Amino acid sequence: MSSLNMKIITVIGSGLIGRSWAMVFASGGFSVRIYDNQQGQAAKAIKEIKKQMEELEEAGMLRGELTSTQQLSLLSSYDDLAQALEGAFFVQECVFEQLEVKQSVFQDIECLVGKDVILSSSTSCLVPSSVFSKVQNRSRCLVSHPVNPPYYVKLVELVPHPETTTAVVDTTHALMTKVGQAPIRLKKEIDGFALNRVQSAIIAESWRLVQDGIISVKDVDLVMSEGLGMRYAFIGPMETMHLNAPEGLGDYMKRYGEGVTRVLNSFGPVPDFFSKGAKSIINEMCELIPSDPQHLSARRERRDQLLMGLAKLKKDH
Ligand SMILES: NC(=O)c1ccc[n+]([C@@H]2O[C@H](COP(=O)([O-])OP(=O)(O)OC[C@H]3O[C@@H](n4cnc5c(N)ncnc54)[C@H](O)[C@@H]3O)[C@@H](O)[C@H]2O)c1
Ligand SMILES: *[C@@H]1O[C@H](CO)[C@@H](O)[C@H](O)[C@H]1NC(C)=O
C-alpha cells in the first residue's frame, strides 16, 4: 500500500475516542496531528495520553515497538484545522455523535485536503450516506467504527459509503492491520453496522428472558460471562457451531438446525424498554450494582483490568 508510506494521520476531536486513536496510530509509528475546536483541548489531550502511555509502559502493556517517549514525540496538537491537516494521508474524525456536526466538519475538511486523502469517521450509529452527504467526492469516505476501549478491544468495522472505492477500503484495512487493530469489512452500509446488530439481538433476548420471569438479571449476565462469553473471546458463533458437531457446520445444522429454528420462532416481539416492567428490570440491576458514580467506576475499573488481561492472553496465543 503505497500511501501507507505517507506517515501523517490527522485525528479530529480529542475526546475519549480521539485520544485512543492517537495512541493506536502512534503505536504503529505514524505521526499524529490532533485537532480539537475547543481551544487548548488537543494540547490537554496529549498530556492525558502521556500519563496513560507511561502507565501502560510500566505495566508492560504499551503497544508497538516504540517506547512511550518515542510514541509521544509523534504527537502534535493544533487549534487550527488547516494546520492540523497539513501533509496527512488519512483523517480520522472523532467529534460529537451529532449528524450536523459531522457533516459540517467533513465539509470543512474536504476543502483543505488533497483529492487522495481518505476521510474516515468514528461514528457508532450514523450510516456513511448520512455522514458524508455534504462531501463532494464520497469515493474516498468511509466509517471506521472502533469499540471502546480501542486499545484493548481491537475490532474496527469498516463501512463504505455506496460510492466508496475498493482501493480506499483496502488502504484503510491495511492501515488498521498495521497499527494492530482487527478490521472487518461490511460490504454495504446498514443501520447498527454488524457489531451493534449482533449486540442488539443479545440485548433483546436477555431482556425478554428477564421480563418474562424466566431468569434473574444476575443469572442472564452469567449466561454470557460464565458461558457463551468464555468461548466468544476467541472464536465466534460460526466457528463455535463448526467445532461443536463431529463433521463441522453442515453436520451441526443437520443435528441442531431444526431446534435452532424452533427456538428462534418462539422469540417474542421487540421488548418495550420504557414500560413499567422495564423499570423493575432496571431496579433489579441497580440492586446488584448501585448506579452512583462510585460503584460504577469501581466496576468499570475492574472491567478494564480484566480486558487488559484478556488482551494480553490473546496477544500471547
Ligand atoms: N465513546 C465510545 O464508546 C465510542 C465508541 C465507538 C465510537 N464512538 C464515536 O466516536 C466519536 C467521539 O466520541 P467520544 O466518546 O470520543 O466523544 P467525546 O465527547 O469524548 O469527544 C468529542 C470531542 O470532539 C470535540 N469536538 C466537537 N465538535 C468538534 C468540531 N466541530 N471540530 C473538532 N472537534 C470537535 C470536542 O471538543 C471533544 O473533545 C462519536 O462519533 C462516537 O459515536 C464512541
Ligand atoms: C475522488 O477520490 C478518489 C479516491 O481518493 C480519487 O482517486 C479521485 O481522484 C477523486 N476525484 C476527484 C474529482 O477529486
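Residues numbered from 1 in each chain as written. Chains lettered and ligands numbered in written order. Predicted model: local features only at pLDDT ≥ 70, side-chain atom pairs only at ≥ 80, totals over all residues. Heavy atoms only, no water.

Trainee: Can you walk me through the overall build of the chain in this structure?
Mentor: Regarding its fold elements, the chain presents 13 helices and eight strands. Taking 20 Å as the expected radius of gyration for a compact globule of 317 residues, we find that the chain reaches 22 Å, a close match to that expectation. The principal-axis extent of the C-alpha atoms belonging to the chain is close to 60 × 45 × 45 Å. Counting over 317 residues, the chain shows a buried share of 38%. (Helix = DSSP H or I, 4+ residues; strand = E, 2+ residues; numbered from the N terminus. Rg over C-alpha atoms; globule rule 2.2 N^0.38 Å. Buried < 20%, exposed > 50% of the residue type's maximum accessible area, 1.4 Å probe, protein only.)

Trainee: I keep staring at the packing of helix α1 (residues 16-27) against helix α2 (residues 41-58) and nothing clicks. Help me out?
Mentor: The angle between the axes and the distance between the axes are what describe a pair of packed helices. Packing of α1 against α2 leaves a shortest axis separation of 10 Å and a crossing angle of 55°. The orientation of α1 with respect to α2, classified from their angle, is oblique. For α1 against α2, the interelement crossing comes out right-handed. Residues Arg 19, Ala 22, Met 23 and Ala 26 of α1 touch α2, and the partners they reach there are Ala 45, Glu 48, Ile 49, Gln 52, Met 53 and Leu 56. (Axes fitted to C-alpha atoms, helices over the stretch in contact; angles between N-to-C directions. Parallel < 35°, antiparallel > 145°, perpendicular 65-115°, else oblique. Left-handed = near helix turned anticlockwise from the far one by under 90°. Contact = heavy atoms within 4.5 Å.)

Trainee: What is the right way to look at the sheet that holds strand β1 (residues 8-12) in this model?
Mentor: With mixed pairing, eight strands are arranged side by side in an open sheet as β3-β2-β1-β4-β5-β6-β7-β8. The sheet is open, and its two edges are formed by β3 (75-78) and β8 (182-185), each paired on a single side. Here the strands of the sheet are splayed against their neighbours by 25° on average, with no regard to which way each runs. By the bridge criterion, four bridges tie strand β4 (residues 90-93) to strand β5 (residues 118-121) in an arrangement that is parallel. For Val 91, the partnering residue across the bridge sits in β5 and is Leu 119. Running over the sheet, α1 touches β1, β2 (31-35), β3, β4, β6 (141-146) and β7 (155-160) and is turned about 170° from β1. Sheet strands touched by helix α5 (residues 99-112): β1, β4 and β5. Its angle to β5, the strand with the most contacts, is close to 165°. (Pairing = 2+ DSSP bridges.)

Trainee: Help me out: how do you make sense of the nonpolar core in this one?
Mentor: Proteins that are soluble and globular tend to have nonpolar side chains buried together. Counting residues in each nonpolar core, the largest one holds 36 residues, and the members touching the most others are Phe 25, Val 32, Ile 49, Met 53, Leu 75, Phe 90 and Leu 175. Looking at this core, the elements that each hand over two or more residues are β1, α1, β2, α2, β7, α7 (166-178) and α13 (293-315). Excluding anything up to four places from it in sequence, Phe 90 contacts Ile 8, Ile 9, Thr 10, Phe 25, Val 117, Ile 118, Ser 120, Ser 144, Thr 172, Leu 175 and Met 176. Ala 84, Val 105, Ile 109 and Cys 141 belong to the second largest nonpolar core, which has 22 residues in total. (Core = buried A, V, L, I, M, F, W, Y, C linked by side-chain atoms within 4.5 Å.)

Trainee: Help me understand the site of ligand 1 in this model?
Mentor: Surrounding ligand 1, one finds 23 residues, the nearest of these being Ile 17, Asp 36, Glu 97, Lys 102 and Ser 124. Here Gly 15 contributes a backbone N or O atom positioned 3.5 Å from an oxygen atom of ligand 1. Bound to the protein, ligand 1 loses 80% of the 830 Å² it would expose on its own. A per-element tally of the shell around ligand 1 places α5 first, with three residues. (Near = heavy atom within 4 Å. Polar contact = N/O pair within 3.5 Å; in protein donor to acceptor, adjacent residues only side chain to side chain. Areas by Shrake-Rupley, 256 points an atom, 1.4 Å probe, with all protein chains shown as cover.)

Trainee: What am I meant to see in the UniProt feature "domain: 3-hydroxyacyl-CoA dehydrogenase C-terminal" (unreviewed entry) in the chain here?
Mentor: As annotated in UniProt, the feature "domain: 3-hydroxyacyl-CoA dehydrogenase C-terminal" (unreviewed entry) corresponds to residues 192-259 in the numbering used here. Helix makes up 75% of residues 192-259 and strand 0%. Its end C-alpha atoms lie 28 Å apart. (UniProt positions renumbered as here; feature names shortened; annotations may be inferred.)

Trainee: For this particular structure, what's the right way to read the site of ligand 2?
Mentor: Ligand 2 sits among Lys 115, Asp 116, Asn 137, Ser 139 and Arg 140. Between ligand 2 and Asn 137, the relevant distance is 2.3 Å, taken from an oxygen atom to a side-chain nitrogen or oxygen of the residue. Relative to its unbound accessible area of 360 Å², ligand 2 is 55% covered by the protein chains. Partitioned by chemical class, the residues of the shell around ligand 2 number no nonpolar, two polar and three charged. (Nonpolar A, V, L, I, M, F, W, Y, C, P; charged D, E, K, R; others polar.)

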